[in-house]
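Descriptive structure summary
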Amino acid sequence: MANPAQLTTVMKTLADPTRRAVFERIAREGEVAATGLVKGSKVSQPAISQHLKALRDAGLVTERREGRHVHYRVASKALEPLADWLDHYRAFWRERLGRLEMLLKEDQS
């Protein structure tokens, strides 16, 4: 299972709806300049900068500088801690539900 500290960081970072929306937009567009994230959004440039810092600190996005512009993209393994955690519980519940199904079939017999 994922490192608990990494998982907590990812979950806390993405818990904020605005930050999650910024992350989703970067993921959808592939790479976005910080200035592009402000355009078409109701969030101020300083707020976008704070959200980007939190995403970067959590390892969810990487940045590429090109002159005065900074471009962000989703880090290649950004959601691995969350995916590992979900996989663990997916297997857990699949096993539990399988047992429940067997017990119900035995009960019907």
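Scope of this entry: the structure provided in the associated data block. Every chain's residues receive numbers from 1 upward, in the order its sequence appears when written. Whole-chain, interface and lining totals are the exception, using all residues; otherwise, since this is a predicted model, local features are given only for residues with pLDDT of at least 70 and side-chain atom pairs are given and counted only at 80 or more. To get the side-chain values, take all heavy atoms of the structure and skip hydrogens and water.

1. As for the side chain of His71
Helical segments are the DSSP runs of H or I of at least four residues, strand segments are the runs of E of at least two, and each set is numbered from the N terminus. Along the chain, His71 falls in strand E3 (residues 69-74). For His71, a relative accessible area of 14% gives the class buried. Contacts are residue-level and defined by heavy atoms, with any inter-residue pair within 4.5 Å sufficient. Ignoring any residue separated from it by four or fewer positions in sequence, one finds His71 in contact with Glu31, Val32, Ala33, Thr62, Glu63, Arg64 and Glu66. With a 1.4 Å probe rolled over the protein chains alone, any residue whose accessible area is under 20% of its type maximum counts as buried; one over 50% counts as exposed, and the rest are partly exposed.

2. Digging into the sheet that holds strand E1 (residues 32-33)
Pairing between two strands requires that DSSP report at least two bridges joining them. Across the sheet, three strands lie side by side as E1-E3-E2; this open sheet has antiparallel pairing. Two strands in the sheet have a free side with no partner beyond their single neighbour: E1 and strand E2 (61-66). Both E2 and E3 contribute to a ladder of six bridges, which runs antiparallel. Residue pairing across strands places Arg64 opposite His71, the latter belonging to E3. Only the contacting stretch of a helix is used when fitting its axis, a line to C-alpha atoms as for every element, and angles between N-to-C directions run 0 to 180 degrees. On the sheet, helix H2 (residues 17-29) packs against E1, E2 and E3 and is oriented at approximately 90 degrees with respect to E3. This element, helix H4 (residues 45-57), spans E2 and E3 of the sheet and lies at about 120 degrees to E2.

3. So, H2
For the α-helix, the turn length of 3.6 residues means that residues three or four positions removed from each other point alike. To estimate the expected span of a helix, subtract one from its residue number and multiply by 1.5 Å. Here H2 is 13 residues long and its end C-alpha atoms lie 18 Å apart, about the 18 Å a rise of 1.5 Å per residue gives. Among the residues of H2, those classed as buried are Arg19, Val22, Phe23, Arg25 and Ile26. The buried side chains of H2 occupy one side of the element, clustering within an arc of 160 degrees when seen end-on. Those residues of H2 that are exposed and aimed more than 90 degrees away from the buried face are Pro17 and Arg28. Those residues of H2 that are buried are in contact with helix H1 (4-15), E1, helix H3 (34-38), H4, E2 and E3. Polar contact is the term for a pair of N or O atoms within 3.5 Å; when the atoms are in protein, one must be able to donate a hydrogen and the other to accept it, and sequence-neighboring residues count only if both atoms are side-chain atoms. N-capping of H2 is provided by Asp16, with a side-chain oxygen placed 3.0 Å from the backbone N of Thr18. Gly30 sits one or two residues past H2 and shows a positive phi near 90 degrees. This arc is taken over the directions from the axis of the helix to the C-beta atoms.

Honestly, it's all geometry; don't read function into it.
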